[in-house]
Each structure stands twice: as C-alpha cells, then as structure tokens.
Amino acid sequence: AEKRQMPQRLRAQNQVLKKGVVDEQANSAALKEQLKMKDQSLRKLQQEMDSLTFRNLQLAKRVELLQDELALSEPRGKKNKKSGESSSQLSQEQKTVFDEDLQKKIEENERLHIQFFEADEQHKHVEAELRSRLATLETEAAQHQAVVDGLTRKYMETIEKLQNDKAKLEVKSQTLEKEAKECRLRTEECQLQLKNLHEDLSGRLEESLSIINEKVPFNDTKYSQYNALNVPLHNRRHQLKMRDIAGQALAFVQDLVTALLNFHTYTEQRIQIFPVDSAIDTISPLNQKFSQYLHENASYVRPLEEGMLHLFESITEDTVTVLETTVKLKTFSEHLTSYLCFLRKILPYQLKSLEEECESSLCTSALRARNLELSQDMKKMTAVFEKLQTYIALLALPSTEPDGLLRTNYSSVLTNVGAALHGFHDIMKDISKHYSQKATIEHELPTATQKLITTNDCILSSVVALTNGAGKIASFFSNNLDYFIASLSYGPKAASGFISPLSAECMLQYKKKAAAYMKSLRKPLLESVPYEEALANRRILLSSTESREGLAQQVQQSLEKISKLEQEKEHWMLEAQLAKIKLEKENQRIADKLKNTSSGQLVGLARENAAMSNAAGQDEATAKAASEPIQSTSLIGTLTRTSDSEVTLMECFLILQCRALSKRLALAEKSKEALIEEMKLASQNISRLQDELTTTKRSYEDQLSMMSDHLCSMNETLSKQREEIDTLKMSSKGNSKKNKSR
C-alpha cells in the first residue's frame, strides 16, 4: 500500500512544483517587460537631453556672438554718441530681450538637468531592484528546477525499482507456482509411498507379532526390573574417557591432599612457636589440645587419596561406569565425611587460638583485623567442605540406596558440586590474601624470629598450593560437567537406567560371562601366505641361493685378504720396532760422542755430517731444518731433533723408513676397516637370506599342512558320502527284496 501511495504523492508534489515554476516564469516575464519599458523611456529622456544640450550650445554660441558685437559696438557708440542714442536704445532693448530669453533657457536647461538626473537615478534604482529581483528569481527558478529534476529522477528511479520488483515478483510467483505444482506431485507420490509403506509395515507387524507370540516365550525388555539385567552395548570410548577423567581427578586430589597435609602440619608448628615459643615457655592448654588434634591430620587426610585411588582402579575398560556401578564412590564419601568431622573438631580451637593471638600484647590493630578475617575464612572453608560432603554423599547413594536420589536430580547435584568447588577456590584465594597480609605484618614485628618467618612462609606456600589445586579441580569439573550430565543416560537399552545396585552388579557378572563366552568362541586362524607373495618368496629364494655362493666366495676372498694384511701388519710392526731400537742406539752413541769430544770436534763433525747430507739427495729437506727443536709424529712414536749438528744420515734414513712404514700401516688399517665393513654387510645379507629362507620354509610347511588338512577333510567327506551311498544301496536292496517277496 505504501509503495502504491508513494507515486501518487510524488505526482501531486510534481504538479505543485510545476505550477510554482510557471508562476515564477510569468512574474519574471512581466518584470522583463517593465524593464524594457523603462529602458525605452530612459532612451527618450536621453534623446531629449541630447537635443537640449545641443540647443543650449547653440544659444551659448549666439550669446558669445552678441557679446562680441556689443563689444564692437561700444567704441563706435562713444564716437557717435549722439547719433547712436537711438540705436543704443534699440540694442539695449534687444539685449534685455536676449538676456531674458537666455535666462529662461538657462532655467529651463537647469530644470531639464534636474529632471534628467532624477530620472537617471530613479532608473538606476529601479534597474538595480529589478536586476536583484531577477537574480533571486533566477536562483529560485534554478533551485526549483533542481528540485524538480531531483524529484523527477527519484520518481523515475522509484518507477524503475517498482518495475524491477514487479518483474521479480512475477518471476517469483511463476517459480512458486512451479514449486507448488511439484509439491502437489510429490505429495501425491509421498501419499502413495506412505500407503504402500503402511501396508508393508502392517503386514510385517502382523508377521512379527505372530512370530513373537509363537516363538518368544519371555520378553525381558517389557519390565524395567528385568531389563536392568540386560548387558548394555560396550562403549569402549566412554570407558577410556571416564578412566582418563578419573586419572586427572586422582592427580588433582593428590595435590590437594599434599597441600592440606602441609597446611595442617605447618599450622601445628606455628602454634608451638607463636605467640609463645614452646622451647622457652609453656604454651596454653588450648593450643596444646589444638596441636594434639592437628598432629592427627594425616589419619584423616591420607584416606582421601586412598579412596580416590580405589575409585580410579575400579574404572576399567571392561566395566560399565555409571553412578549405580561406582561402589567405590561411597568409600570416598565416607573418607570425606571423616575429614569434615576433623575440620569441625579443630574449628573451635582454631578460632580460640586466633582470639588468643589477638589478646596478646604483641598483636597490633592491623594484625587483629587480619586474624578476624582469617576466622571468618576458616568458618567459610568448613561450610564449603560440608556442602561438598553433602553433594558427594548424594552422588554415592545410587550405588547403595537407589531410592535416595532420583535420576532427574543427578544433573542439579553435579552442578552444585561444581559451584561448591568454585566457592572453595574463592575462599582459598581470600585465605591466601589475608594470610599473606598477616605474615607481612608479623615479619615487621620486633620480636619476630627466623623460625616464625620460615614457618609463615611454609604455611603461605601450602595455602598457595591449596588455592592452585582448588582452582584446577574446579575448572576441571566445570569443563567436564556437560560430559558428566550426558553420560548419566548410559545404561541398558530401551530403559531409563539401572534400577538398583544389585541389578547393576548382576549385569556386570553377566557381562563378564558374555565376554568369556565370546572369547572362547574366538579361535585363532592358521597363518597363511598369499599366492602372489609365495611366488615372490620362491623367486627370492632361488636368486638368494645363487647369490649365496657368490657371497660366500667374496667372504672367503675377503678373509684371505684380511689374513694377508694381518701378516704384513705384524711384519711391519716388527720392522718398526727394530728401527726404533736402532734409532735409540744411534742417539745414545751420538750423545756419548758429544760428551767425549770438544767443541772443535763438534764443529768438524757437524761439517762432515752436513757434507754427507748434501751427498744424499733424499735427505735434503732434513739438512735445511731450523736450529729449533722439531718433533716428527707417526704411529710408532715421536722423533725429536735438537739441531742440524745432531742429525746424522742414519737418522734421516730411519725417519724416512719409519714414515713410509707408518703410511703403509695406515693404509693397511684403512683397507682392514673397509674389508671389515664388507664382511659385516655380507654377514647381514647372509642372515637376511637365512631369515627369508626360514620364512619361506615355514610358509610352505603351513601351506602343506593346510593342504594336508584339507585333503583329510575331503577324504572324510568322501568316506561319509561312500558310507551314505552304501547305506542307500543296502536300503534299496532291502526294499527290492521286500517288493519281490510281496
């Protein structure tokens, strides 16, 4: 409706604007006509002014001429005064006439000038007004034209849009009509299919009912008490997930138990040293009793870890984990109840101990405020444990008393457990904050001992560990809360769940029996080798037998080479030892000579040795060595040369021989290592081929055994068939005899 009314409104607005534009155009035309008339009157006045100006100029010229004539006539009048009196009178009359006429012309000219000036000013004023009005009218006309153009454009766009919408709607209506026709056809087909299915299902139902009535003597899914004894489908993923969750919970509970033990133990230690140190003076009877109770904390805290461990061990892959089957949850609940009794027992003593600290002379106002906050926190902590114990006891009821908790309340109880754990985390954060402030204030006291500072730090660390453990277990429970709620429906098929713990226990026994029965039915199949793999193994075996002889020959050759190299190595080792002995003897001889000879003889000996070394071309490099000590390192030792004078020809030969021997020995070692590697590879190939040979033999033996078994079974079947044939023959003979006798 709005889209239909919009073009009508636009048309009405367009007509109004057109009418206004026409009126303005008529006004502007009338103003132009008025302006044209004013221009014409102005031109007439201008022409009159021009004519009057021209006439005035003429009169001025005439006056000048008359004045000239008068000037000329005056001297003549003096000479002929008498004779000219009559003429002067005439000229005087004429002059007065001219003067009057001139005065009139001047006045008329002045009047005309004034009228012309006024008319000009009025014309300019009217022209300016008309021009300004024309400009405003033109701007208004342009604005109106722009508005008209905009409205026209908008109107055309709207028309185009409406036309497009109309086309789309037409197309859409056509498609909808087609879809409606298709839907009618489909509904007819579906009705036919539904009719056929109804007939088919009704027939099947009748057949099934007849079979059930005739064949099924007892329906155990009809009653929930009997259905609870049916073994549900085994969900291995569910069991693994539950075991993983239980393992994580066990780790968190272990961390929490450790932190609680440390907290209670360090609290007991603090009572012994503050506000009165038991090593110096006797503590109050209240603190003595409080310390005695705190000393028993392990007997209440440790069972929590044990209960959680038993619960974790009860969740295995073979069991069915629901609240009705988790019997060990009751044990954990009992341990939590005992720990709650312990907290309730120590709470009054803890509050009184904090009051006693406040009454001490060492307690400041800030410390007293922290003690009051801690008192409130301890009360809240005990209340949170009471909530946790209540909800966990409720969760343990389905495994012991099925009527104690309805299945509809499971989700709300689990949600409350998560809220209680988050509350426990919040309270522990408050305790950590307040105890940190309390420890800071106590450390600033002048009587604070190192033992007190250390104990406070230990308590603070245990409180921080408790806070972290509570936060982890709270977030862990919140993250798995949806899974806990979803897993509550895990139970027997077509039933709401287990009815009682006794039925759940019976179901687990039936599950074990069923698993044992299925395990007994499972017989191991004989291993067989596929035909293609057996052919490939045969080819490998044939090729391996051929290559085995070649590898054996290569191994034999390698062993012979190794033995030869070993012999050469021993030979050259002996040669090197002999050369070393000779070198040592020669060095000893030279040293003895050096001791017995003088300096001159040393010089001569050095020259003689130098000449001998020059004669030997092979030792040229050693003769040019520096006077500094030089070491030559090889496999048989180190040779030291102190100076050129101490080097002899024998030493040079020995050095060269030793170097050659060391090089040959290194080459022999390398060849030995290479041969050893080849030998290892050959032995590996031999072992691999032997393994392949054994596998192929086993496969062939298995195949032969299978074939023999198959042949035996075929022989048995053949013997049975022969026996049946014999019996049939005998019966046919007996029948024939009976017929003959008849």
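Note that the structure is a prediction, hence the values are computed from the model and not measured.

Visitor: Looking at this model, I keep getting lost on the overall build of the protein chain. Mind explaining?
Guide: Broken down by element type, the protein chain carries 16 helices and two strands. Across the 742 residues that make up the protein chain, the buried fraction comes to 27%. Residue pairs in contact within the protein chain that sit at least 24 positions apart in sequence constitute 83% of those at least 6 positions apart. Accessible surface for the protein chain amounts to roughly 50,900 Å². Of this, 55% is attributable to carbon and sulfur atoms.

Visitor: Honestly, the packing of helix α5 (residues 285–294) against helix α7 (residues 328–359) in this entry has me stumped. Any pointers?
Guide: Axis angle and axis distance: for two packed helices, these are the angle between their axes and the distance between the axes, and together they describe the pair. Following both chains from N to C, one finds α5 and α7 inclined at 145°, their axes separated by 10 Å at the closest point. Crossing geometry of α5 relative to α7 is assigned as left-handed. The segment α5 lies against α7, with Leu286, Asn287, Lys289, Phe290, Tyr293 and Leu294 engaging Phe342, Lys345, Ile346, Tyr349, Gln350, Lys352, Ser353 and Glu356. Of the residues in the contact of α5 with α7, the class split is seven nonpolar, three polar and four charged.

Visitor: Could you clarify how one ought to interpret the UniProt feature "coiled-coil region" (unreviewed entry) in the protein chain in this entry?
Guide: In this numbering, the UniProt entry assigns the feature "coiled-coil region" (unreviewed entry) to residues 28–62, 127–186, 548–582 and 658–699. Along residues 28–62 one finds 100% helix and 0% strand; the C-alpha atoms at either end are 51 Å apart.

Visitor: Explain the nonpolar core to me, please; I cannot follow it from the model alone.
Guide: Buried together is how nonpolar side chains tend to be arranged in soluble globular proteins. Residues Tyr339, Met381, Phe385, Phe424 and Met428 are the most contacted members of the largest nonpolar core, which totals 68 residues. With 14 residues, the top contributor of residues to this core is helix α4 (residues 236–273). If near-sequence neighbours (up to four positions away) are discounted, Met381 is found in contact with Leu260, Phe424, Ile427, Met428 and Ile431. Core analysis: the second largest hydrophobic core is formed by five residues, Cys358, Cys363, Leu367 and Leu445 among them.

Visitor: I'm lost on the packing of aromatic side chains in this one. Help?
Guide: The tally for this structure, following the rule as stated, stands at seven aromatic pairs. Taking 5.2 Å as the distance between ring centres and 70° as the angle between the ring planes, the aromatic pair formed by Tyr293 and Tyr349 counts as edge-to-face. In this pair, Tyr293 sits in helix α5 while Tyr349 sits in helix α7, placing the two residues 56 residues apart along the sequence. Note on Tyr293: relative accessible area 14%, which makes it buried. Plain terms: the ring middles of Phe477 and Phe484 are 5.4 Å apart, the flat faces sit at 50° to each other, and that makes the pair tilted. Grouping residues by exposure puts Phe477 and Phe484 together as buried. Each member of the aromatic cluster is reached from another via a ring pair, and the members are Tyr300, Tyr339, Phe342, Phe385 and Phe424. The lysine or arginine in question, Lys241, covers the ring of Tyr483, its NZ or CZ lying 5.6 Å from the ring centre. We note Arg243 situated over the ring of Phe312; from NZ or CZ to the ring centre the distance is 4.3 Å.

Visitor: Where do I start with the pattern of salt bridges in this structure?
Guide: Any two side chains of opposite charge can pair, so long as their charged atoms come close to each other. What the rule picks out here adds up to 15 salt bridges. A single salt-bridge network, built from bridges that share partners, covers Arg270, Glu357, Lys438 and Glu442.

Visitor: Which parts of the structure should I look at to understand the environment of Gly418?
Guide: Assignment of secondary structure puts Gly418 in helix α9 (residues 410–443). Along the primary structure Gly418 and Phe476 are separated by 58 residues, whereas in three dimensions their C-alpha atoms are 9.2 Å apart.

Visitor: Explain the state of the cysteines to me, please; I cannot follow it from the model alone.
Guide: What is meant by a disulfide is a covalent connection between two cysteines, made through their sulfur atoms. As enumerated under the stated definition, the model contains zero disulfides in all. No disulfide involves Cys183; its sulfur sits 9.7 Å from the nearest other cysteine sulfur, which is in Cys190. Among the cysteines around Cys363, which has no disulfide bond, Cys358 carries the closest sulfur, lying 4.7 Å off.

Visitor: Just checking my understanding: could you explain a nonpolar patch on the surface for this structure?
Guide: On the surface, Tyr517, Met518 and Leu521 cluster together into a nonpolar patch covering about 350 Å² of accessible area. Looking at the element boundaries, Met518 is found in helix α12 (residues 501–521). Classification of Met518 by relative accessible area gives exposed; the value is 53%.

Visitor: Help me understand the side chain of Arg370, please; the structure alone is not making it clear to me.
Guide: Topologically, Arg370 is positioned in helix α8 (residues 365–396). Beyond its immediate stretch of four places on either side in the chain, Arg370 contacts His434, Gln437, Lys438 and Ile441.

Calculation criteria
- Residues numbered from 1 in each chain as written.
- Predicted model: local features only at pLDDT ≥ 70, side-chain atom pairs only at ≥ 80, totals over all residues.
- Heavy atoms only, no water.
- Helix = DSSP H or I, 4+ residues; strand = E, 2+ residues; numbered from the N terminus.
- Buried < 20%, exposed > 50% of the residue type's maximum accessible area, 1.4 Å probe, protein only.
- Contact = heavy atoms within 4.5 Å.
- Areas by Shrake-Rupley, 256 points an atom, 1.4 Å probe, with all protein chains shown as cover.
- Axes fitted to C-alpha atoms, helices over the stretch in contact; angles between N-to-C directions.
- Left-handed = near helix turned anticlockwise from the far one by under 90°.
- Nonpolar A, V, L, I, M, F, W, Y, C, P; charged D, E, K, R; others polar.
- UniProt positions renumbered as here; feature names shortened; annotations may be inferred.
- Core = buried A, V, L, I, M, F, W, Y, C linked by side-chain atoms within 4.5 Å.
- Phe/Tyr/Trp six-rings, centres within 6.5 Å; stacked < 30°, edge-to-face > 60°.
- Lys NZ or Arg CZ within 6 Å of the ring centre and 35° of its normal.
- Salt bridge = Lys/Arg side-chain N within 4 Å of Asp/Glu carboxyl O.
- Disulfide = S-S within 2.5 Å.
- Patch = residues over 30% accessible without salt bridge, like charges linked within 9 Å, V, L, I, M, F, W, Y side chains within 5 Å.

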